[in-house]
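Each chain is listed here by its residues.
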Amino acid sequence: PEIIYAIDGIKLSATAAGVRYKERDDLVVIEIAEGATTAVVTTKNAFCAAPVKLLREHFAKTSPRYLVTNTGNANAGTGNDGMRRANEVCTALAAKAEVEIAEVLPFSTGVIGEPLNSEAIVNGLDTALAELTPDSWLAAANGIRTTDTLPKIASQKVEIINSQANGDSHSKRGTSYHITGMSKGSGMIRPNMATMLGYVATDANVSADLLQEMLNSINEQSFNRITVDGDTSTNDCCVLIATGKANSEIIDSSEHPHYQLLYNALKQVFVRLAQLIVRDGEGATKFITIKVTSGNDTQECCDVAYAVAHSPLVKTAFFARDANWGRILAAVGYAGVAELDTEQINVSLDEVLICENGGLAASYTEAAGQEVMRRSEITIH
């Protein structure tokens, strides 16, 4: 983004601790101001990593004050040793920052199955804490990268003018909310969180319960709507923080006059971060959007979309620029939609109608299909 807004109540740092990489930042610490609310979603992979297990335990006890992320090592498939090392990092940071151990949430990303170099992380914490600043989002976005080729960051400002005339002069002037987020991920990407980490913060004042509801809903429409290789990772986590520094007016209901504007802006940031992951997918040559309409419900539409998205034959057709719409129809057919009327199926690639009422569209020409397939971004509808 042209502007990366600092979020009042959030400080970040990126440090080269030597966890795995040499001469690059691989340790990121985020400090959250006291009084902020936080929401978390994590991977649905049963073989989740040690830091994910520990994060869940800590988050169930209290609201976090520090997030600590290492790259280069996922600390997954590491058994009791992995839990010990993740706890060692949290304990050290808690002692140095003078907070409770449960107020520290650990995150790891990188290679699976290798012991975590927790000593390097602990040794890097003093520098990480000393370098915390509000404007280190870009450095932090670089610091959480593994095979990512670029940092993934999105930022937005929401202006709410004359939202309430209740005698509060601040409300009459209007309110500005800021949102900034970063994510990482490029391989092992599939819904139910991708192999990704995501951190989004806003200075809005949102109740904890509502913030969790917002994250659950927005995550379903962003990070849980992407796939690159169809693999669900062991380490996926996403955090949404509301520091409450913009004003004292708490948003505690979807009926609040600020809610929908804030929700929409947060969703835009999440969708942007999710799309950046797909664009940076390992080996990706095209950015494909799959739009499914007129299903009985959202789940049915998603089942069709994922069947098409995960089909190796569909992927190879797009890679080869071959407008083979039969492969798309085949995927729709095995998506598991009950009572599917195949004669009602239409398929378009961008503006070109290929399939109409389950058969070749009368208006279709091979030249038009080839022209679409040469594009780097295509929407299948």
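Use the structure listed above.
The following paragraphs examine the structure supplied in this document. (Residues numbered from 1 in each chain as written. Predicted model: local features only at pLDDT ≥ 70, side-chain atom pairs only at ≥ 80, totals over all residues. Heavy atoms only, no water.)

### Here we look at the overall build of the protein
Then, number 1: If you tally the helices and strands in the protein, you get 11 helices and 14 strands.
Then, number 2: Relative to the compact-globule value of 21 Å for 381 residues, the protein shows a C-alpha radius of gyration of 23 Å, a close match.
Then, number 3: Along the first, second and third principal axes, the C-alpha atoms of the protein reach 70 × 60 × 35 Å.
Then, number 4: Taking all 381 residues of the protein together, the buried fraction comes to 52%. (Helix = DSSP H or I, 4+ residues; strand = E, 2+ residues; numbered from the N terminus. Rg over C-alpha atoms; globule rule 2.2 N^0.38 Å. Buried < 20%, exposed > 50% of the residue type's maximum accessible area, 1.4 Å probe, protein only.)

### Let's talk about the side chain of Asp-280
Then, number 1: Within the secondary structure, Asp-280 is located in the loop between helix H7 (259-279) and strand S10 (287-290).
Then, number 2: Here Asp-280 falls in the buried class, since its relative accessible area comes to 7%.

### Section: helix H8 (residues 298-310)
Then, number 1: Between its terminal C-alpha atoms H8 stretches 18 Å, which fits the 18 Å expected from 13 residues at 1.5 Å a residue.
Then, number 2: When we look at burial in H8, the residues that qualify are Glu-300, Cys-301, Cys-302, Val-304, Ala-305, Ala-307, Val-308 and Ala-309. (Expected span 1.5 Å × (residues − 1).)

### Quick look at the packing of helix H6 (residues 208-220) against H7
Then, number 1: In contact at an axis separation of 10 Å, H6 and H7 are set at 45 degrees when each is read in the N-to-C sense. With respect to each other, H6 and H7 are oriented oblique. Considering the relative orientation of H6 and H7, their crossing is right-handed. Contacts from Leu-210, Met-214, Leu-215, Ser-217 and Ile-218 of H6 reach H7 at Tyr-259, Leu-262, Tyr-263, Leu-266, Lys-267 and Phe-270. (Axes fitted to C-alpha atoms, helices over the stretch in contact; angles between N-to-C directions. Parallel < 35°, antiparallel > 145°, perpendicular 65-115°, else oblique. Left-handed = near helix turned anticlockwise from the far one by under 90°. Contact = heavy atoms within 4.5 Å.)

### Thoughts on the environment of Cys-238
Then, number 1: Mapping Cys-238 onto the fold places it in strand S9 (residues 237-242).
Then, number 2: Given a relative accessible area of 0%, Cys-238 falls into the buried group.
Then, number 3: Spatially, the C-alpha atom of Cys-238 lies 8.9 Å from that of Phe-223, the residues being 15 residues apart in sequence.

### Notes on the pattern of salt bridges
Then, number 1: Applying the stated rule across the entire model yields 13 salt bridges.
Then, number 2: Between Arg-375 and Asp-350 there is a salt bridge, and its shortest N-O distance comes to 2.7 Å. Highlighted residues: Arg-375 in the loop between helix H11 (366-373) and strand S14 (377-380) and Asp-350 in the loop between strand S11 (347-349) and strand S12 (352-356), separated in sequence by 25 residues.
Then, number 3: What emerges from the salt-bridge pattern is a single network uniting Asp-81, Arg-84, Arg-85 and Glu-88. (Salt bridge = Lys/Arg side-chain N within 4 Å of Asp/Glu carboxyl O.)

### A closer look at the nonpolar core
Then, number 1: Val-206 and Leu-262 are the most contacted members of the largest nonpolar core, which totals 34 residues.
Then, number 2: The set of elements that each furnish at least two residues to this core consists of strand S3 (37-42), strand S6 (152-160), strand S7 (175-184), H6, S9 and H7.
Then, number 3: When residues of this core are assigned to their parent elements, the largest contribution, 11 residues, is made by H7.
Then, number 4: If sequence neighbours within four positions are ignored, Leu-262 has contacts with Tyr-177, Ile-179, Thr-202, Ala-204, Val-206, Met-214 and Ile-251.
Then, number 5: By size, the runner-up hydrophobic cluster in this structure holds 30 residues, among which are Ala-14, Val-52, Leu-67 and Cys-237. (Core = buried A, V, L, I, M, F, W, Y, C linked by side-chain atoms within 4.5 Å.)

### A word on the sheet that holds S9
Then, number 1: Spatial strand order, S3-S9-S8-S7-S6: five strands in an open sheet with mixed pairing. Two strands bound the open sheet, and with one partner strand each, they are S3 and S6. Between one strand axis and the next, the sheet turns by 10 degrees as a mean value, whatever way the strands run.
Then, number 2: The pairing of S3 with S9 spans six bridges and is classified as antiparallel. By the bridge assignment for S9, Thr-37 is matched with Ala-242.
Then, number 3: Across the sheet, H6 lies against S3 and S9, angled at about 35 degrees from S3, the strand it touches most.
Then, number 4: Each of S6, S7, strand S8 (197-202) and S9 is contacted by H7, which is oriented at about 165 degrees to S6, the strand it contacts most. (Pairing = 2+ DSSP bridges.)

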